[in-house]
Amino acid sequence: MPVATSVRPTSPRPEEVQVQLGGRWIAGQALAHRSGEVLVSHHGHLVWVDQQSVRKS
């Protein structure tokens, strides 16, 4: 059964970020943060990414 976690929006607007995947940096938008992770949107796909793999554009 899923466990509820605290999620806080990054800001009223998505924040432009870059995400490291497979040794490459791709553009995305940070939508929210939770315990060491960032919710990132990339071309309509949403994924939770480790905060260490995200940098501001």
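Residues numbered from 1 in each chain as written. Predicted model: local features only at pLDDT ≥ 70, side-chain atom pairs only at ≥ 80, totals over all residues. Heavy atoms only, no water.

Tell me about the overall build of the protein chain, and name the residues and values.
Each helix and strand in the protein chain was counted, giving 0 helices and 6 strands. Along the chain direction, N to C, the helices and strands of the protein chain fall in the order β-β-β-β-β-β. The 57 residues of the protein chain split such that 25% are buried. Carbon and sulfur atoms make up 53% of the accessible area of the protein chain, which amounts to about 4,400 Å² in all. (Helix = DSSP H or I, 4+ residues; strand = E, 2+ residues; numbered from the N terminus. Buried < 20%, exposed > 50% of the residue type's maximum accessible area, 1.4 Å probe, protein only. Areas by Shrake-Rupley, 256 points an atom, 1.4 Å probe, with all protein chains shown as cover.)

Can you break down the pattern of salt bridges residue by residue, with the values?
Scanning the entire structure with this criterion turns up 2 salt bridges. Here glutamate 15 makes a salt bridge to lysine 56, at a shortest N to O gap of 3.5 Å. Here glutamate 15, found in strand β2 (residues 15-21), pairs with lysine 56, found in strand β6 (residues 54-56); they are 41 residues apart in sequence, far enough to count as distant. When its relative accessible area of 22% is taken as the criterion, glutamate 15 is described as partly exposed. Salt-bridge contacts for arginine 34 lead to glutamate 37; the nearest nitrogen and oxygen are separated by 2.7 Å. Taking relative accessible area as the criterion, glutamate 37 reaches 24% and is therefore assigned partly exposed. (Salt bridge = Lys/Arg side-chain N within 4 Å of Asp/Glu carboxyl O.)

It is worth stressing that arrangement in space is one thing and function is another; only the former is reported here.
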